Amino acid sequence: MAPSTSGGGALSAQSAAALGEGIGLVFARWTALQMAVEGEWGGRDSRAKADQLAESILSWFTNSKREHYYEDLVDMMYDTVSESFNADFEDGSVEEVAEQLLIMHEECLQSNYSSVEKLRNSRTQGNAVSQSRQMVVDDDDSSDDDDDDDEPSMVDNEAGSADMAVDEPKPSKPVPDADGWTTVPPRRGRGKN
């Protein structure tokens, strides 16, 4: 369940820096935002718009001494995404990111940087969007090596599973009946021709 508020109060300089780093790390893993940036949904300056969103959120946390409400953060994020990227993220990711940021803020208020440390230590190569493409790219890079047979790639596994799923014999070509009509078999379950 999402926290409804994050405590008010001033962040120390160290806590504010840690929170800023944490926001950047969360945004780097936010697939919908990274897709908007890579696809330039907000124009050529999409990266700058994403960075501005991160700065705005950090400023919202650091400049306000009152409590920070979940709904306010979610609304601010939805408004910015809609205005900056002409997009509506309806996958629930805005709410997840807002929850994570509020938790991180609350921890930073207590000088507890475990969430930021965890994100920093689990830093991935590439960003959230390229994670699904990385297996294919890695496979292409290793195709020059002679040991491709030792490690099956994701692409090889997908092709293999499609071949393995077809155990029934391939249907013969449709033959017209006496009236000249041809019965077309259903596509489902036909396998490869």
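Residues numbered from 1 in each chain as written. Predicted model: local features only at pLDDT ≥ 70, side-chain atom pairs only at ≥ 80, totals over all residues. Heavy atoms only, no water.

- You'll find the protein entered in an unreviewed UniProt entry as Pre-rRNA-processing protein TSR2 homolog, with Leersia perrieri given as the organism.
- If you open the UniProt record of the protein and go to Sequence similarities (unreviewed entry), you find "Belongs to the TSR2 family." (UniProt positions renumbered as here; feature names shortened; annotations may be inferred.)

### Side note on the packing of aromatic side chains
So, point 1. If you walk through the whole model with that rule in mind, you get 4 aromatic pairs.
So, point 2. Ring centres 5.7 Å apart and planes at 85 degrees place the aromatic pair tryptophan 30 and phenylalanine 89 in the edge-to-face group. With tryptophan 30 in the loop between helix H1 (13–29) and helix H2 (31–38) and phenylalanine 89 in the loop between helix H4 (70–85) and helix H5 (93–109), the pair connects residues that are 59 residues apart, well separated along the chain.
So, point 3. Phenylalanine 89 sits in the buried class, given a relative accessible area of 4%. (Phe/Tyr/Trp six-rings, centres within 6.5 Å; stacked < 30°, edge-to-face > 60°. Helix = DSSP H or I, 4+ residues; strand = E, 2+ residues; numbered from the N terminus. Buried < 20%, exposed > 50% of the residue type's maximum accessible area, 1.4 Å probe, protein only.)

### What about unusual backbone geometry?
So, point 1. A positive phi is found at glutamate 40, a non-glycine position, where the angle reads about 50 degrees.
So, point 2. Along the chain, glutamate 40 turns up in the loop between H2 and helix H3 (46–63).
So, point 3. Its relative accessible area of 45% is what places glutamate 40 among the partly exposed residues.

### Comments concerning the packing of H1 against helix H6 (residues 114–121)
So, point 1. Running from amino to carboxyl end, H1 crosses H6 at an angle of 45 degrees, the nearest separation of the two axes being 9 Å. Classified by the angle their axes make, H1 and H6 are oblique. Considering the relative orientation of H1 and H6, their crossing is left-handed. Only Val116, Leu119 and Arg120 of H6 make contact with H1, whose side of the interface consists of Ala18, Glu21, Gly22, Leu25, Val26 and Arg29.
So, point 2. Along the lines of polarity and charge, the residues of the contact of H1 with H6 split into 5 nonpolar, 1 polar and 3 charged. (Axes fitted to C-alpha atoms, helices over the stretch in contact; angles between N-to-C directions. Parallel < 35°, antiparallel > 145°, perpendicular 65-115°, else oblique. Left-handed = near helix turned anticlockwise from the far one by under 90°. Contact = heavy atoms within 4.5 Å. Nonpolar A, V, L, I, M, F, W, Y, C, P; charged D, E, K, R; others polar.)

### Regarding the environment of aspartate 51
So, point 1. Along the chain, aspartate 51 falls in helix H3.
So, point 2. Between the alpha carbons of aspartate 51 and isoleucine 23 there is a distance of 9.9 Å; along the sequence they are 28 residues apart.

### Quick look at a negative patch on the surface
So, point 1. Judged by side-chain charge, Glu71, Asp72, Asp75, Asp79 and Glu83 come together as a negatively charged surface patch.
So, point 2. You can see glutamate 83 is positioned in helix H4.
So, point 3. Here glutamate 83 falls in the exposed class, since its relative accessible area comes to 64%. (Patch = residues over 30% accessible without salt bridge, like charges linked within 9 Å, V, L, I, M, F, W, Y side chains within 5 Å. Areas by Shrake-Rupley, 256 points an atom, 1.4 Å probe, with all protein chains shown as cover. Salt bridge = Lys/Arg side-chain N within 4 Å of Asp/Glu carboxyl O. Lys, Arg positive; Asp, Glu negative; His and termini not counted. Charge placed at Lys NZ, Arg CZ, Asp CG, Glu CD.)

### What to know about the nonpolar core
So, point 1. In this structure, Phe27, Trp30, Ile57, Phe61, Leu73, Phe89 and Leu101 are the most contacted members of the largest nonpolar core, which totals 37 residues.
So, point 2. Secondary-structure elements contributing two or more residues to this core are H1, H2, H3, H4, H5 and H6.
So, point 3. Not counting residues up to four positions away in its chain, the partners in contact with isoleucine 57 are Ile23, Phe27, Leu73, Met76, Met77 and Leu101. (Core = buried A, V, L, I, M, F, W, Y, C linked by side-chain atoms within 4.5 Å.)

### As for H5
So, point 1. With 17 residues, H5 ought to run about 24 Å at 1.5 Å a step, and its terminal C-alpha atoms sit 24 Å apart, in line with that.
So, point 2. The complete set of buried residues in H5 reads Ser93, Val94, Val97, Ala98, Leu101, Leu102, Met104, His105, Glu107 and Cys108.
So, point 3. One or two residues past the end of H5 sits serine 111, with phi positive at roughly 55 degrees. (Expected span 1.5 Å × (residues − 1).)

### Here's the deal with the side chain of serine 84
So, point 1. Residue position: serine 84 is located in helix H4.
So, point 2. The exposure class of serine 84 is buried, given its relative accessible area of 16%.
So, point 3. Dropping the residues within four chain positions of it, serine 84 is found in contact with Gly42 and Lys49.

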